[in-house]
Amino acid sequence: MGKRPPITNRVRELREEHDRMSQAALGEAVGVTRHTIIAIEQGRYSPSLETAFRIARLFGVGVEDVFGWEGE
Amino acid sequence: MSFREKSAWVMGAIMLATGVFYAQLVAGAPQAPVIGPLIPYVLAVIVLSIVAQAGLAIASPKEADAPADERERAVIDRAGNWSGMVLGFGVVSAIIMYIGGWTATMLVHAIVGALIVSTVAEYALQIYFFRKAV
């Protein structure tokens, strides 16, 4: 919980591409709070597999198009 | 600041203030029956908690109604785990002191004190995890 997870993501970029969807709207759509979306975007929190899939499906892409391993 | 972090700040402050209140009551009459300071303390915690939570819910009804999400649950679980250790340490210490000669009244006050400290620690840890770690 203390260490920053080695996972990168394109959530902010994908939000911008989807009519500048707000963090609150994304959170509501995938079942988490706006603060959790902020933590994901800042790389402070790695979402569960279920939430990762929900985010990816909402944007119409695969999970690996949203999340990646640091340095790859 | 999320609803649950606000709630942790408010509840932490209430537990701290009522804990000081309890300590003052006990210090005023250390060997008096336990029930004496316990009743006003419990009433103060209940009344202040209801008022504070109602105020927070009125200010943010939508957030108050929503269940904790996965990150919030992780924060609450982690803080609860650590604060449980604080409680355990306090209770075991109180029992050791009782074996060493403390009265039953002092034992009860020490256990209530450990409960108060662990609750304050739980809210403080929630705030820390909400802000820094998760």
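Residues numbered from 1 in each chain as written. Chains lettered and ligands numbered in written order. Predicted model: local features only at pLDDT ≥ 70, side-chain atom pairs only at ≥ 80, totals over all residues. Heavy atoms only, no water.

Undergrad: What exactly am I supposed to notice about the overall build of chain B here?
TA: Counting secondary structure elements, chain B contains five helices and zero strands. Listed by position from the N terminus, the elements making up chain B come as α-α-α-α-α. Over its C-alpha atoms, taken along the principal directions, chain B stretches across nearly 50 × 30 × 20 Å. Counting every position in chain B, which comprises 134 residues, the buried fraction comes to 37%. A separation of at least 24 residues holds for 79% of the contacts in chain B among residues at least 6 apart in sequence. A total of about 7400 Å² of accessible surface is found on chain B, and carbon and sulfur atoms cover 75% of it. Across chain B, the 8 positively charged side chains and the 8 negatively charged ones have centroids separated by 5 Å. (Helix = DSSP H or I, 4+ residues; strand = E, 2+ residues; numbered from the N terminus. Buried < 20%, exposed > 50% of the residue type's maximum accessible area, 1.4 Å probe, protein only. Contact = heavy atoms within 4.5 Å. Areas by Shrake-Rupley, 256 points an atom, 1.4 Å probe, with all protein chains shown as cover. Lys, Arg positive; Asp, Glu negative; His and termini not counted. Charge placed at Lys NZ, Arg CZ, Asp CG, Glu CD.)

Undergrad: I tried to follow the overall build of chain A on my own but got confused; where do I start?
TA: From N to C terminus, chain A includes five helices and two strands. When the helices and strands of chain A are placed in sequence order, the string is β-α-α-α-α-α-β. A globule of 72 residues ought to have a C-alpha radius of gyration of about 11 Å, and chain A, at 11 Å, matches this closely. Considered along the principal axes of its C-alpha atoms, chain A spans approximately 30 × 25 × 20 Å. Across the 72 residues that make up chain A, the buried fraction comes to 38%. Relative to all contacts within chain A whose residues are 6 or more apart in sequence, the contacts with residues 24 or more apart total 62%. Surface exposure of chain A reaches about 4400 Å², of which carbon and sulfur atoms provide 48%. (Rg over C-alpha atoms; globule rule 2.2 N^0.38 Å.)

Undergrad: It is not clear to me how the nonpolar core should be interpreted in this structure. Could you clarify?
TA: Across soluble globular proteins, you tend to see nonpolar side chains buried next to one another. V11, I40, I55, V66 and F67 of chain A are the most contacted members of the largest nonpolar core, which totals 15 residues. Examining the composition of this core, we find that four residues originate from one element, helix α4 (residues 49-59) of chain A, more than from any other. When neighbours within four sequence positions are excluded, F67 of chain A is seen to be in contact with I7, T8, N9, V11, I40, P47, A52 and I55 of chain A. Counting residues in hydrophobic clusters, the runner-up holds 13 residues, among them M15, Y22, V26 and A52 of chain B. (Core = buried A, V, L, I, M, F, W, Y, C linked by side-chain atoms within 4.5 Å.)

Undergrad: What should I look at first to understand the environment of R131 of chain B in this one?
TA: By the element assignment, R131 of chain B lies in helix α5 (residues 104-133). Aside from chain neighbours lying at most four places away, what touches R131 of chain B is R44 of chain A together with M1, E5 and W9 of chain B. Side chain to side chain, R131 of chain B and E5 of chain B meet in a polar contact 2.5 Å long. (Polar contact = N/O pair within 3.5 Å; in protein donor to acceptor, adjacent residues only side chain to side chain.)

Undergrad: Explain the pattern of salt bridges here, please?
TA: Note on pairing: side chains with opposite charge can pair once their charged atoms come close. All names here are of chain A. Under the criterion given, the structure shown has nine salt bridges over all chains. E17 is the partner of R10 in a salt bridge, and the nearest nitrogen-oxygen pair spans 4.0 Å. Given the relative accessible area of 30%, R10 is considered partly exposed. Between R54 and E50 there is a salt bridge, with its nearest N and O atoms 2.8 Å apart. On the criterion of helical spacing, the pair formed by R54 and E50 is a turn pair, its members being four residues apart in helix α4. A relative accessible area of 41% places R54 in the partly exposed class. Here the salt bridges do not stand alone but share partners, grouping R10, E13 and E17 into one network. (Salt bridge = Lys/Arg side-chain N within 4 Å of Asp/Glu carboxyl O.)

Undergrad: Help me understand the interface of chain A and chain B in this model?
TA: You'll often see interface size given as the accessible area lost when the parts meet. Contact residues are listed per partner, giving 14 residues for chain A and 17 residues for chain B. The tally of links between chain A and chain B comes to one salt bridge. Of the charged contacts in the structure, one is a salt bridge between K62 of chain B and E28 of chain A, with a shortest N-O distance of 3.6 Å. Counting the contacts that link chain A with chain B gives six residue pairs in polar contact (both at pLDDT 80 or more). In terms of residue count, the dominant contributor to the side of chain A that touches chain B is helix α3 (residues 34-41) of chain A (three residues).

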